Amino acid sequence: QVPLVESGGGLVQPGGSLRLSCAASRDFFKITSMGWYRQPPGTQRELVADIRAGDITNYAESVKGRFTISRDSVKNMVYLQMNSLKPEDTAAYYCNTVPDPVSSFWGQGTQVTVSS
């Protein structure tokens, strides 16, 4: 059983919005800090947002003010609201634990393409 499943990606025009979802197959969000990572074509995966104990959030400078991470521990879901999307946001997006992602938790990801 895949621990984490991402969804919500798609093709959107610059300036548009998307909401990504990450579903967990088991109830570990209550005790685990989670993050959204992305991997643009031909580059390494990077952390763009995370949510930790007490729902404290952190963002990469490149997405600060445009992206919002949140979670619903009852539903075992983590979300990434992405607004004012730019072409450079184009990437495959993944969720995983932070600060150290677990290799066996990587899912298929969800593709976000920002293009006119």
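These lines cover the structure that appears in this document, whether it is placed above or below. (Residues numbered from 1 in each chain as written. Predicted model: local features only at pLDDT ≥ 70, side-chain atom pairs only at ≥ 80, totals over all residues. Heavy atoms only, no water.)

**Overview of the overall build of the chain**
Each helix and strand in the chain was counted, giving zero helices and ten strands. Start at the N end of the chain and walk to the C end: the helices and strands fall as β-β-β-β-β-β-β-β-β-β. Here the C-alpha radius of gyration of the chain, 13 Å, is about what a compact globule of 116 residues would show, namely 13 Å. Counting every position in the chain, which comprises 116 residues, the buried fraction comes to 45%. For the chain, the proportion of contacts with a sequence separation of at least 24, taken over those separated by at least 6, is 54%. Working note: accessible area of the chain is about 6000 Å², and carbon and sulfur atoms make up 49% of it. Of the side chains in the chain, 11 bear a positive and 10 a negative charge, and the two mean positions are spaced by 3 Å. (Helix = DSSP H or I, 4+ residues; strand = E, 2+ residues; numbered from the N terminus. Rg over C-alpha atoms; globule rule 2.2 N^0.38 Å. Buried < 20%, exposed > 50% of the residue type's maximum accessible area, 1.4 Å probe, protein only. Contact = heavy atoms within 4.5 Å. Areas by Shrake-Rupley, 256 points an atom, 1.4 Å probe, with all protein chains shown as cover. Lys, Arg positive; Asp, Glu negative; His and termini not counted. Charge placed at Lys NZ, Arg CZ, Asp CG, Glu CD.)

**With respect to the side chain of Arg66**
Take Arg66: it is sitting in the loop between strand 6 (56–59) and strand 7 (67–72). In this structure Arg66 comes out as buried when scored by relative accessible area, which is 11%. Looking at Arg66, its side chain comes within polar contact range of the main-chain oxygen of Ser84, at 2.9 Å. The residues touching Arg66, leaving out its near neighbours within four places in the chain, are Gln81, Met82, Asn83, Ser84, Leu85, Lys86 and Asp89. (Polar contact = N/O pair within 3.5 Å; in protein donor to acceptor, adjacent residues only side chain to side chain.)

**Digging into the sheet that holds strand 3 (residues 18–24)**
Taken in spatial order, the four strands of this open sheet run 1-3-8-7, and their pairing is antiparallel. This sheet does not close on itself; its edge strands, each paired only once, are strand 1 (4–7) and strand 7. Adjacent strand axes in the sheet meet at a mean angle of 15 degrees, parallel and antiparallel pairs treated alike. One ladder, built from four bridges, connects strand 1 with strand 3; its direction is antiparallel. Looking across to strand 3, one finds that Val5 is bridged to Ala23. (Pairing = 2+ DSSP bridges. Axes fitted to C-alpha atoms, helices over the stretch in contact; angles between N-to-C directions.)

Interpretation note: all reported values are geometric properties and have no functional meaning in isolation.
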